[in-house]
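Each chain, letter by letter, is given below.
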Amino acid sequence: MSAVGKPLLYSYWRSSCAWRVRIALNLKEIQYDIKPINLVKDGGEQNSEEYKKINPMGRVPALHIDGNTLIESMNIINYLEDTRPERALMPSDVLKRIKVREICDIIVTGIQPLQNWTLLVEIEEGKRNEWAQRWINKGFEAVEKLLTVSSGKYCVGNEITIADCCLIPQIYNARRYKVNLQLYPLISKIEKELEIIPAFQAAHPLNQPDCPEEAKK
């Protein structure tokens with residue numbers, strides 16, 4: 001367990017869902033410990049009976065905080081926003097909040113699950129990249145259009161929001177599956193603004209305690 005009173009994040013270095021939560025924790029300057037859950041080793045530690053007592057879905061992330069264990073990345077981030085509102089990740093303006101949710105929903109429900117490895121392993125090996133590209137492109141086309149209305153320096157205006165927490169991990173996955181990001185100039189512009197922010201840098205997979213050494217080369 002983590003130190004008394006210190007949140008404990010069950011995470012995997014390359015999980016985009018865990019990555020979203022790491023960014024949010026960092027932006028809110030919440031000190032936390034990480035318990036790595038290897039999604040690959042020995043069939044995946046997330047499938048163990050021990051871990052399923054923590055998260056019955058057998059996924060990461062899970063966050064133990066305030067004496068409770070929370071699951072599902074957006075649920076966790078919303079809890080952090082509700083209980084630690086002083087470094088807000090949602091705009092006060094109602095219409096801007098809606099724009100944040102639209103972008104988040106496209107990424108979290110319309111892209112990420114359809115290119116996730118748990119689904120790709122069910123697809124013929126030679127067609128996996130094509131499948132992932134199809135759904136990432138479809139989602140990014142929609143996000144790019146939304147950004148023409150909502151974006152400023154970041155996804156929604158000039159303040160960092162939960163939408164930015166969701167976008168950065170998805171860009172990383174787009175590169176993994178060789179999506180042509182030149183098609184999405186606004187997404188690329190926002191990435192350049194976010195990637196220099198320490199909270200985002202600290203959350204990056206290559207900076208995680210369970211990142212394999214070979215991935216850093």
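Up top is the structure.
Parameters at a glance
Residues numbered from 1 in each chain as written. Predicted model: local features only at pLDDT ≥ 70, side-chain atom pairs only at ≥ 80, totals over all residues. Heavy atoms only, no water. Helix = DSSP H or I, 4+ residues; strand = E, 2+ residues; numbered from the N terminus. Contact = heavy atoms within 4.5 Å. Phe/Tyr/Trp six-rings, centres within 6.5 Å; stacked < 30°, edge-to-face > 60°. Lys NZ or Arg CZ within 6 Å of the ring centre and 35° of its normal. Buried < 20%, exposed > 50% of the residue type's maximum accessible area, 1.4 Å probe, protein only. Polar contact = N/O pair within 3.5 Å; in protein donor to acceptor, adjacent residues only side chain to side chain. Core = buried A, V, L, I, M, F, W, Y, C linked by side-chain atoms within 4.5 Å. Pairing = 2+ DSSP bridges. Axes fitted to C-alpha atoms, helices over the stretch in contact; angles between N-to-C directions. Parallel < 35°, antiparallel > 145°, perpendicular 65-115°, else oblique. Nonpolar A, V, L, I, M, F, W, Y, C, P; charged D, E, K, R; others polar. Salt bridge = Lys/Arg side-chain N within 4 Å of Asp/Glu carboxyl O. Right-handed = clockwise from strand over helix to strand, strands pointing away.

(A) Region of the structure containing the environment of Ile187. You can see Ile187 is positioned in helix α8 (residues 185-194). Each C-alpha atom, one on Ile187 and one on Tyr154, is 9.1 Å from the other, the two residues being 33 residues apart in sequence. Those residues within four positions of Ile187 in sequence are excluded, and the remaining contacts are Phe140, Val143, Glu144, Leu147, Leu167 and Ile171.

(B) Quick look at the packing of aromatic side chains. One pass over the full model with this rule turns up five aromatic pairs. The positively charged end of Arg134 is found above the aromatic ring belonging to Trp131, 5.8 Å away from the centroid.

(C) How the structure looks around the side chain of Gln115. As for its placement among the helices and strands, Gln115 is situated in the loop between α4 (94-111) and α5 (117-120). Residue class for Gln115 comes out buried when judged on its relative accessible area of 2%. Polar contacts involving the side chain of Gln115 include one to the side chain of Gln170, which spans 3.1 Å. If we skip the residues at most four places from it in the chain, Gln115 touches Leu120, Ala132, Ile136, Gln170, Asn173 and Tyr177.

(D) Seen up close, the nonpolar core. Ranked by internal contacts, the top residues of the largest apolar core, which has 65 residues, are Phe140 and Ile162. Not counting residues within four places of it along the chain, the set of residues in contact with Phe140 comprises Ile111, Leu167, Gln170, Ile171, Ala174, Leu181, Tyr184 and Ile187.

(E) Layout of the sheet that holds strand β2 (residues 33-36). Reading across the sheet, the four strands line up as β2-β1-β3-β4 and stay open at both edges, with mixed pairing between neighbours. Taken across any chain shown, the strands that pair with only one partner, and hence form the sheet edges, are β2 and β4 (68-71). Shown here is a sheet whose adjacent strand axes are inclined to one another by a mean of 20 degrees, direction ignored. Relative to strand β3 (residues 62-65), strand β1 (residues 8-11) runs antiparallel, the two being bridged by three bridges. Each residue of the ladder has a partner; that of Leu8, found in β3, is His64. Sitting on the sheet, helix α1 (residues 16-27) is in contact with β1, β2 and β3, with an inclination near 150 degrees to β1.

(F) Geometry of the packing of α4 against helix α6 (residues 128-150). Remark: α4 packs on α6, axes separated minimally by 10 Å, with the N-to-C direction vectors making an angle of 175 degrees. In terms of orientation, α4 and α6 fall into the roughly antiparallel class. On α6, the residues touching Lys99, Glu102, Ile103, Ile106, Ile107, Gly110 and Ile111 of α4 are Trp135, Ile136, Gly139, Phe140, Ala142, Val143, Leu146, Leu147 and Ser150. For the contact of α4 with α6, the residue count by class is eleven nonpolar, three polar and two charged.

(G) Quick look at the pattern of salt bridges. Under the definition given, this model contains eight salt bridges. The residue Glu29 makes a salt bridge to Arg87 at a minimum N-O spacing of 3.1 Å. With Glu29 in the loop between α1 and β2 and Arg87 in the loop between α3 (73-83) and α4, the pair connects residues that are 58 residues apart, well separated along the chain. The exposure class assigned to Glu29 is exposed, which follows from its relative accessible area of 54%.

(H) Looking closely at unusual backbone geometry. Cis peptide bonds are those with omega within 30 degrees of zero, and the linkage from Val60 to Pro61 qualifies with 5 degrees. Mapped onto the fold, Pro61 is located in the loop between α2 (49-52) and β3. You will see that Glu29, though not glycine, has its phi angle at about 55 degrees, which is positive. A positive phi angle, near 50 degrees, is found at Asp42, a position not held by glycine. Mapping Asp42 onto the fold places it in the loop between β2 and α2. Residue Asp42 is classed as exposed on the basis of its relative accessible area, which comes to 74%.

(I) Layout of the pairing of β1. Because side chains alternate across β1, one face comprises the buried residues Leu8 and Tyr10, and the other comprises Leu9 and Ser11, equally buried. Alignment of β1 against β2, held across four bridges, turns out to be parallel. Across the sheet, Ser11 pairs through a bridge with Pro36, a residue of β2. Of the crossover connections in this fold, the one passing from β1 over α1 to the parallel β2 is right-handed.

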